Amino acid sequence: DAGITQSPRHKVTETGTPVTLRCHQTENHRYMYWYRQDPGHGLRLIHYSYGVKDTDKGEVSDGYSVSRSKTEDFLLTLESATSSQTSVYFCAISAGGQGSSYEQYFGPGTRLTVT
Amino acid sequence: AQSVAQPEDQVNVAEGNPLTVKCTYSVSGNPYLFWYVQYPNRGLQFLLKYITGDNLVKGSYGFEAEFNKSQTSFHLKKPSALVSDSALYFCAVRERSSASKIIFGSGTRLSIRP
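Residues numbered from 1 in each chain as written. Chains lettered and ligands numbered in written order. Predicted model: local features only at pLDDT ≥ 70, side-chain atom pairs only at ≥ 80, totals over all residues. Heavy atoms only, no water.

Moving on, we get to the interface of chain A and chain B. With 23 residues of chain A at the interface, the matching set in chain B holds 20 residues. Summed over both sides, the interface between chain A and chain B buries roughly 1700 Å², with carbon and sulfur atoms accounting for 56% of that surface. Across the chain A-chain B interface, the total number found is one salt bridge. Summed over the shared surface of chain A and chain B, the number is three residue pairs in polar contact (both at pLDDT 80 or more). Elements with a minimum of two residues in the side of chain A that touches chain B: strand S4 (31-38), strand S5 (42-51) and strand S10 (105-106) of chain A. (Contact = heavy atoms within 4.5 Å. Buried area = accessible area lost by both parts, 1.4 Å probe. Salt bridge = Lys/Arg side-chain N within 4 Å of Asp/Glu carboxyl O. Polar contact = N/O pair within 3.5 Å; in protein donor to acceptor, adjacent residues only side chain to side chain. Helix = DSSP H or I, 4+ residues; strand = E, 2+ residues; numbered from the N terminus.)

Let us now look at the sheet that holds strand S1 (residues 4-7) of chain A. Residues and elements named next belong to chain A. If you trace the four strands from one edge of the open sheet to the other, you get S1-S3-S8-S7, paired in antiparallel fashion. Each end of this open sheet is capped by a strand with a single partner; those strands are S1 and strand S7 (64-70). Sheet twist, expressed as the mean angle between neighbouring strand axes with direction ignored, is 20°. Relative to strand S8 (residues 73-78), S7 runs antiparallel, the two sharing five bridges. Along S8, the bridge assignment pairs tyrosine 64 with leucine 78. (Pairing = 2+ DSSP bridges. Axes fitted to C-alpha atoms, helices over the stretch in contact; angles between N-to-C directions.)

Here we take up the state of the cysteines. Following the criterion strictly, the structure yields two disulfides over all chains and no others. There is a disulfide in this structure between cysteine 23 of chain A and cysteine 91 of chain A, and the S-S distance comes to 1.9 Å. Taking the torsion about the S-S bond as the criterion, the cysteine 23 of chain A to cysteine 91 of chain A disulfide, at about -70°, is left-handed. Here cysteine 23 of chain A, found in strand S3 (residues 19-25), pairs with cysteine 91 of chain A, found in strand S9 (residues 87-94); they are 68 residues apart in sequence, far enough to count as distant. The pair cysteine 23 of chain A / cysteine 91 of chain A is uniform in exposure class, with both members buried. Note that cysteine 23 of chain B is cross-linked by a disulfide to cysteine 91 of chain B, the S-S spacing being 2.0 Å. Disulfide cysteine 23 of chain B to cysteine 91 of chain B: torsion about the S-S bond roughly -65°, handedness left-handed. A residue pair is termed long-range when its members are at least 10 positions apart, and cysteine 23 of chain B in the loop between strand S3 (19-21) and strand S4 (24-26) and cysteine 91 of chain B in strand S10 (residues 87-95) qualify at 68 residues. Cysteine 91 of chain B matches cysteine 23 of chain B in its accessibility class, with the two residues each being buried. (Disulfide = S-S within 2.5 Å. Buried < 20%, exposed > 50% of the residue type's maximum accessible area, 1.4 Å probe, protein only.)

Moving on, we come to unusual backbone geometry. For the bond from serine 7 of chain A to proline 8 of chain A, the omega torsion is -10°, close enough to zero to count as cis. Inspection of the secondary structure assignment puts proline 8 of chain A in the loop between S1 and strand S2 (10-13). One non-glycine residue, asparagine 41 of chain B, adopts positive backbone phi at about 60°. Tracing the backbone shows asparagine 41 of chain B in the loop between strand S5 (31-38) and strand S6 (44-50). Phi at tyrosine 61 of chain B takes a positive value of approximately 60°, unusual for a residue other than glycine. Assignment of secondary structure puts tyrosine 61 of chain B in the loop between strand S7 (56-58) and strand S8 (64-68).

Turning our attention to the environment of serine 3 of chain B. Residue and element names in this part refer to chain B. With respect to the helices and strands, the residue serine 3 is situated in strand S1 (residues 3-5). A residue is classified by how much of its surface remains accessible, and serine 3, at 34% relative accessible area, is partly exposed. Not counting the four nearest positions on each side in its chain, serine 3 is found in contact with Thr24, Tyr25, Ser26, Val93 and Ile103.

Here it is in C-alpha cells:
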C-alpha cells in the first residue's frame, strides 16, 4: 500500500446522495485506476486515467464519474448512490511507458455501504 | 474477448506441502500475466509477472508461476506452504496493446492448515 492512500476508508451513505472517493499517490505514476470488488466477481474496472484530465470508461462505469486534475489525485464520484454500489473500492496505479508491463499497485480500499 | 478463469474457489493444503493455484486465460496475441495476493482488509499486492522469456517466473514470498502457452495456463506454485500464505489470490491478464484492458480472475482462497 506504500505510496497510495484512499479516503475515506469507510463510508455509510443513503440512497440518492452523491459520494466522492479520493485516491492519492506519491509515486508520480501516469496511470490510475478505480476498481470495485464484489464476492464472486473479482475486481472490475470502473474508470481509469492515462494522464491529467485524460480518463476513459471501464467495464462497469454506469453511475460513476471520475476526475483527475493533478497527477497525484484521482477522484471517483457516485452521482446518486444506489444499494447496488455497496462494495469495496480499490484505487490502483501503474507506471506505464514504453516496454512497461503495467503491473499495478493497489491502495488499501474504501468500504462503501449504501443504505 | 480476453478472459481469465480460476477454476477453484478454494484450495486447502497442509503446511509444508506443495501448493498450486490454477489459472487459465484467453487473450489475443502474447499476454502479460500477473498474480496478486490479498490479505484480509488489505489491497491487492503484486506477486509476480510473466512478460516473455523463461516460462518459470519467480516472485515474492517464495512463489513461482509456470507459463504454458499451449495450455494457456499460468499456475501459481510454491514448494512448501506456510500458514501465513493463507489469503485470496488473483490471476490477471493484459493484452499488450492496451494499458486499460487488465482482466482479473474471480479469485482463489488458499487455506493452509497447520
